[in-house]
Amino acid sequence: MSHSHHHHHSHGHGYHHHSAPASLNRAFAIAVIANFAFTACQIVFALMADSMSLLADAAHNFGDVFGLVLAWGANWLLSLPARQRYSYGFKRTTIIAALINALILAATAAVITYELFYKLFHLTVVNAPIVIIVGLIGIVINGSTALLFMKGSHEDLNIKGAFLHLLGDALISIGVVVAAILIVYTKKMWLDPLVGLLIVSIMLWGTWGLLRDSIRLILDAIPRHIQYPAIKTYLKNISGVKAVHDLHIWGLSTKEVALTVHLVMPDRTLSDEEYQKINLELKQQFRIDHATLQVETGSHEFACARRETC
C-alpha cells in the first residue's frame, strides 16, 4: 500500500508548512511581550482612574496574552518530530491549548461580571483622560500585533484564535475610548460599567465559538471546514468501488486532518499509482492531510465486521 509514499508526501508538505516558523515565532514573541507589558500598565492605570471599562479591557487582554502563550507553545510542539510512543508527535496539544484558552476566557469573564455589578451599584468618579490615553495606546498595540497573524489565520484554528483575540482587543479598546469621551461630555458615570459589561459579552461570545470548535476537535468530530458529503461522494465515485463504509474524518491538530475508510471493490483493487492519485486529490480538493484506505472484495464469507455499524 502506498502508505509509505503518502507519508513521504505529507512530510514534504510538512516542511513546506513549517517554512515560516521564524515569522510566526517572531509574531508570537512581539505580540506576547508588547501585550503583556501593556496589560500590566493597563491594570495599574485602571485602578488609578477607577475605571471598570478599562479594568475589564485589561482582564480581557490578560486572558488573551495567556492564550497567545498557549498557542505559541502548541505551535512549537506541532513542529516536533513524531517518536516511538507518540506516533503523531504532539499535534493534539494545539487542540488542548485552544480548549484551555476558551476556559480561561470564560473564567475571566465571570470575575469581571461580578466586579461590574458591584460597580454599577456603587458608582465612583472615573478619571476619563487617563482612560482615553491608555485606550488609544491599546488600539495601536493590539491592532498592529493582530496584523502579524493575519496570514497564518486562514489555515489554523490556533493561529486564527490568536488573530481574532488581538483584533477583538483593538475593537474593545475603541469602545473604552468612546465611553470615556462620552463620560467627559455627559458626566454620566454609569456609562463606564456599562461598556465593561459590553466587553464581557463580546468576550463570552468569542469564547463560546472557540470552546465549541476545540471540543469538536477533541472529540474527533469532523472539523468545521471539511465537507463530509462531498468526500463520501468522491470515494463512492472511484471506479470499481461498490460501497463505502467506516469512513472517519478527524483533526490530528488544529492544522491537519486525517481520514480512514473501507472501500468495497469486488472486481479489482487499487494500484500504488491510484493510491497516490487519491491521496493527492483528497489533499488538494478536500484538505485531508493523512488518508488511509482499506480495500475489500465485500465477500459474505469474510464480511467486514464494520460493514453494518457504519
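From a predicted model like this one, the values you see are computed outputs, not experimental measurements. (Residues numbered from 1 in each chain as written. Predicted model: local features only at pLDDT ≥ 70, side-chain atom pairs only at ≥ 80, totals over all residues. Heavy atoms only, no water.)

Chemist: I would appreciate a short explanation of the pattern of salt bridges in the present structure.
Modeler: If charged atoms from side chains of opposite charge come close, those side chains can pair. This model, assessed by the stated rule, comprises eight salt bridges. Put simply, Asp 213 and Arg 212 hold a salt bridge, and the shortest N to O gap is 3.7 Å. The exposure class assigned to Asp 213 is buried, which follows from its relative accessible area of 9%. When its relative accessible area of 31% is taken as the criterion, Arg 212 is described as partly exposed. In this structure, Glu 281 engages Lys 277 in a salt bridge whose closest nitrogen and oxygen atoms are separated by 3.4 Å. Residue Glu 281 and its partner Lys 277 are located together in helix 9 (residues 272-286), separated by four residues, close to a single helical turn. Look at Glu 281 and you get partly exposed, because its relative accessible area is 22%. Here the salt bridges do not stand alone but share partners, grouping Arg 212, Asp 213 and Arg 224 into one network. (Salt bridge = Lys/Arg side-chain N within 4 Å of Asp/Glu carboxyl O. Buried < 20%, exposed > 50% of the residue type's maximum accessible area, 1.4 Å probe, protein only. Helix = DSSP H or I, 4+ residues; strand = E, 2+ residues; numbered from the N terminus.)

Chemist: Whenever I open this one, the packing of aromatic side chains confuses me. Can you help?
Modeler: Geometrically, a pair of aromatic rings is defined through the distance of the ring centres and the angle of the planes. Per the counting criterion, the structure on display carries five aromatic pairs. When the centroid spacing of 6.1 Å and the interplanar angle of 10° are considered together, the rings of Phe 28 and Trp 72 count as stacked. Remark: Trp 72 occurs in helix 3 (residues 52-78) and Phe 28 occurs in helix 2 (residues 21-49); sequence separation between them is 44 residues. By relative accessible area, Trp 72 is classed as partly exposed at 28%. Centre to centre, the rings of Tyr 234 and Phe 286 are 5.5 Å apart; their planes meet at 55°, and the pair counts as tilted. Here the residue Tyr 234 occupies a position in helix 8 (residues 228-236), and Phe 286 occupies one in helix 9, the gap between them amounting to 52 residues. An aromatic cluster is defined as three or more aromatic residues linked by ring pairs; in this entry it consists of Phe 28, Trp 72 and Phe 149. (Phe/Tyr/Trp six-rings, centres within 6.5 Å; stacked < 30°, edge-to-face > 60°.)

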